[in-house]
Amino acid sequence: MSDTHASTPVAARVRRLEERLIEAGLVSEPELDEILARYLAGASPLNGARIVARAWTDDDFRSRLLSDANAAITDVGLSMRSGLQEQRLKVVANTPGEHNVIVCTLCSCYPIGLLGPSPSWYKSEAYRSRVVREPRAVLTEFGLTLPDDVEIVVHDSSSEIRYLVLPLRPAGTDGLGEDDLVGLVTREGLIGTAAV
Amino acid sequence: MGRVNDVGGQTGFGEIAPEDDELAFHADWEARVYALNAALLRHRVYNLDQFRDAIERMPPDRYLAASYYERWLTAIETLTGDGHE
Amino acid sequence: MSDARFRPGDRVRVHNVDPDHHTRAPRYVRGHHGVVVDSAGEWPLADDRARELPDPRVEPVYTVRFAARDLWGGGGHSVTVDLWQSYLEPEAEA
C-alpha cells in the first residue's frame, strides 16, 4: 500500500463506513484483511503470461484455449472460479491480419485474476470512450503503430464474458523455452495495447 | 435515460495517461473500500449489478469528479443506507 | 430459461430503447445492426438483478460484431459487444 494520509476527508469517510458496517455485523476486520491479502497475492499478469507462453509452445493447448478457455486454463493451475460466480473467459488470438484490444466501456470489467489489478488508464473515461471509436490512434499513443492492412477488433466486455488477448509470438524466440517466454508477455499485451 | 458511465464513442475526455509502475491502490483507504465491497458482495448484502447501478445513479458531475474508488465508496454508502451525498 | 433465438451468422439489430433502469446495452450500439459471431452462454439479465427482481430472467448472451463505419460513419475497425437476447431483434438480410 502507498501513502497513508489517514487524515484526509475521504479516508475519514471510509473509516466511518467501515466502523458502521463492522458494528452492524455485516463485515469483520479479519475478513477484510484476508480479502486484501488474497487479492494482492493472487491477481497478477504473470498468470495471463503463463497461459500465453503455453499456447505459444503447445498447439493442442492453444486450440483448446481458443474453444473453451475456462477448461484449458486449469492445465496451468488457473481458474475463473475465484469470484462469486464463474465468469466465462474468451481468449482472442492476434493474427498477422487482425489485432484485438479489450475494453469495458460501461465500467471497467476485465479478468483481474489473470491480469492483476486494472490500471487507472483502463478504467478512465478517456480510454473507455476513445478505444471503441478510434482504436488505431489510441494504440499509436501507446506506442503500437499497426500496419494499415491489419484490422482491429475491439471487444467491449458488457456482460459476464472476460477477454484475454493472445499476442503473436515475437520473431526470433524459437530457441526460448516456456519459462523464458512468460517473461516476454506484458499486461498491455494481454489487453491489446501492446504487441506482446 | 442515458447514464453518465455509458461513455463509448463520446469525445472530449482528453488524453489517456498511463502511470508507470502503478500500484493497485493509491492510498490505504482505496484498499479498504475494495475489501469492504468484496465482503458485502460475498455476504450478499447486495449484488454486483446493484452495485454498478448505484454508481451509475450518481449525479453526473459527482461521477466525473470522483476517482474510481470514490465511486465505489459512494455506491457502498448508498446501498448500505448511509445518507451521505 | 429462455430458448436461444439467434446463432452465429445471424444479422441482428439492437433495440432502440432508453430504459430508466440499469442495463448493459451501451448507447453507441442501440438501434444499430450487427452480426452474431458467438453464443456466450446463458446469464441472469443484469437489468433484472440490478432491480432485485425475485426471479431474474436467465437468457442467452451473444457476441455481436458491429462495423465502425455503421456505428460512427467511419473507421475500418469492428467492435464486438456481448448482448443479452432481449436487447436484440432479428434484422432482415440487406
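Remember, predicted model here, so these are calculated numbers, not experimental data.

Novice: Describe the nonpolar core, naming the residues involved and giving the relevant values.
Specialist: Grouped together as the largest cluster of nonpolar side chains are 63 residues, with contacts concentrated most on A:Val52, A:Val101, A:Val103, A:Leu164 and C:Leu83. In terms of residues, this core owes the most to one element, helix H3 (residues 45-57) of chain A, which gives six residues. A:Leu164 has contacts with A:Gly48, A:Ile51, A:Leu89, A:Val91, A:Pro111, A:Leu114 and A:Leu190, leaving out every residue within four places of it along the chain. One finds A:Leu32, B:Tyr34, B:Ala35 and B:Met58 within the second-largest nonpolar core, a separate group that totals 23 residues.

Novice: Tell me about the sheet that holds strand E3 (residues 58-67) of chain C, residues and numbers included.
Specialist: The seven strands are arranged E2(A)-E3(A)-E4(C)-E3(C)-E2(C)-E1(C)-E5(C) in an open sheet whose pairing can be described as mixed. Taken across any chain shown, the strands that pair with only one partner, and hence form the sheet edges, are strand E2 (98-103) of chain A together with strand E5 (88-90) of chain C. Here the average twist between neighbouring strands, direction ignored, is 35 degrees. Strand direction decides the pairing type here: E3(C) and strand E4 (residues 78-84) of chain C, joined by seven bridges, are antiparallel. The partner of C:Thr63 across the bridge, within E4(C), is C:Asp82.

Novice: Talk me through the interface of chain C and chain A; I want residue IDs and the actual numbers.
Specialist: Contacts between chain C and chain A engage 18 residues on the former and 18 residues on the latter. Among the elements that line the side of chain C that touches chain A, the one with the most residues is E4(C), at seven residues. For the side of chain C that touches chain A, a count of residues per class yields ten nonpolar, six polar and two charged.

Novice: Summarise unusual backbone geometry; cite the residues concerned and give the values.
Specialist: Residues and elements named next belong to chain B. In this model, Asp21 sits at a positive phi of 50 degrees, which is unusual for a non-glycine residue. Turning to its location among the elements, Asp21 is positioned in the segment before helix H1 (28-42). Given 4 C-beta atoms within a 10 Å radius, Asp21 is considered exposed. The phi angle at Arg44 is positive, at roughly 55 degrees, despite the residue not being glycine. Along the chain, the position of Arg44 falls in the loop between H1 and helix H2 (48-56).

Novice: I'd like a rundown of helix H1 (residues 9-23) of chain A, residues and numbers included.
Specialist: In a regular helix each residue adds 1.5 Å, so 15 residues correspond to 21 Å; H1(A) covers 21 Å between its end C-alpha atoms and thus fits that length. In this structure, the buried residues of H1(A) make contact with H1 and helix H4 (68-79) of chain B. Just downstream of H1(A) lies A:Gly25, where phi reads positive at about 75 degrees.

Novice: Tell me about the environment of A:Leu21, and name the residues and values.
Specialist: Relative to the elements of secondary structure, A:Leu21 occurs in helix H1. Among the residues examined, A:Leu21 registers 20 C-beta atoms within 10 Å and is labelled buried. Separated by ten residues in the primary sequence, A:Leu21 and A:Ala11 have C-alpha atoms spaced 15 Å apart. Look past the residues within four positions of A:Leu21 in its chain and what remains in contact with it is A:Leu26, A:Val27, B:Leu36 and B:Thr80.

Novice: Could you give an account of the packing of H2(B) against H4(B), naming the residues involved and the relevant values?
Specialist: Residue and element names in this part refer to chain B. One way to put it is that H2 packs onto H4 with a least axis distance of 8 Å and a crossing angle of 110 degrees. On the basis of their axis angle, the class for H2 and H4 is roughly perpendicular. Counting all contacts with H2, which are made through Gln50, Phe51, Ala54 and Ile55, the residues of H4 involved are Arg71, Ala75, Thr78 and Leu79. Here the contact of H2 with H4 is built from residues that sort into five nonpolar, two polar and one charged.

Definitions and limits used
- Residues numbered from 1 in each chain as written.
- Chains lettered and ligands numbered in written order.
- Predicted model: local features only at pLDDT ≥ 70, side-chain atom pairs only at ≥ 80, totals over all residues.
- Core = buried A, V, L, I, M, F, W, Y, C linked by C-beta atoms within 7 Å.
- Buried ≥ 20, exposed ≤ 12 C-beta atoms within 10 Å, placed from the backbone.
- Helix = DSSP H or I, 4+ residues; strand = E, 2+ residues; numbered from the N terminus.
- Contact = placed C-beta atoms within 7 Å.
- Pairing = 2+ DSSP bridges.
- Axes fitted to C-alpha atoms, helices over the stretch in contact; angles between N-to-C directions.
- Nonpolar A, V, L, I, M, F, W, Y, C, P; charged D, E, K, R; others polar.
- Expected span 1.5 Å × (residues − 1).
- Parallel < 35°, antiparallel > 145°, perpendicular 65-115°, else oblique.

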